[in-house]
Amino acid sequence: PLRVVEISSGIAGGYCGWLLQQMGAEVVRIGTLPTVVDGVDQIALALAYYAADKQATSPEDAADAVASADLVITDDAARFAVLTGRSIAETATAQPSTVFGVTSVFGLTGPLADVPAVAIDAQAEAGVAWALGEPDRPPLAIPPGVLECQAGAHLAAACLMARLAGPAPA
């Protein structure tokens, strides 16, 4: 099966890994698997559900796990660099046959790349909230996790297409 390493801190990466796992991939998550504790936190429930049946490996083994992966997915490029000791670009250059998939609100390059952001920022920037609701009433926000799941689904599809296409010609 396809070997996938997931370095995620949010729903987008967790959902992407879950989708790939449902399609038969072997998904290894770096760090502990999320669990549900007291209370009913929708995000915590989703993260725990998407982590079910994934293998976990310690952060100390992140670089080795990435080195043996067919596909690496992340929704946290900064955490990836901390865990592996290299940026995604540096690692991708060293591993040309591995597909690296990243989801980020403002991207990895450009004027807003270092701005911390979450899905609600993407909603605001895109004007999505203004399209929901009724005239003369406050706009409605998309429920928690919906945009992140969409990002995770797009990430899974893009990674599979990149895998099918193979490495870029030198």
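Structure: above.
Residues numbered from 1 in each chain as written. Predicted model: local features only at pLDDT ≥ 70, side-chain atom pairs only at ≥ 80, totals over all residues. Heavy atoms only, no water.

Q: Teacher, can you tell me more about helix α7 (residues 146-165) here?
A: Residue pairs spaced three or four apart in an α-helix point in one direction, given the helix's 3.6 residues per turn. Under the 1.5 Å per step criterion, the end-to-end length of α7 is 29 Å for 20 residues, consistent within 8% with the ideal 28 Å. Regarding α7, the residues found buried are C149, G152, L155, A156 and C159. Axial view of α7: buried residues confined to an arc of 120°, hence all on one face. With respect to the buried face of α7, the exposed residues turned more than 90 degrees away are H154, M161, L164 and A165. Against the buried residues of α7 lie α1 (11-22), α2 (42-51), β4 (71-74) and β5 (99-102). (Helix = DSSP H or I, 4+ residues; strand = E, 2+ residues; numbered from the N terminus. Expected span 1.5 Å × (residues − 1). Buried < 20%, exposed > 50% of the residue type's maximum accessible area, 1.4 Å probe, protein only. Arc of directions from axis to C-beta. Contact = heavy atoms within 4.5 Å.)

Q: Mind showing me how you'd approach the environment of I30 here?
A: Following the sequence through the fold, I30 ends up in strand β2 (residues 26-30). Since its relative accessible area comes to 1%, I30 is described here as buried. Once the C-alpha coordinates of I30 and A65 are considered, the two residues, 35 residues apart in sequence, prove to be 8.4 Å apart. When sequence neighbours within four positions are dropped, the list of residues in contact with I30 reads V5, E6, I7, T57, S58, P59, A62, A65, R79 and L83.

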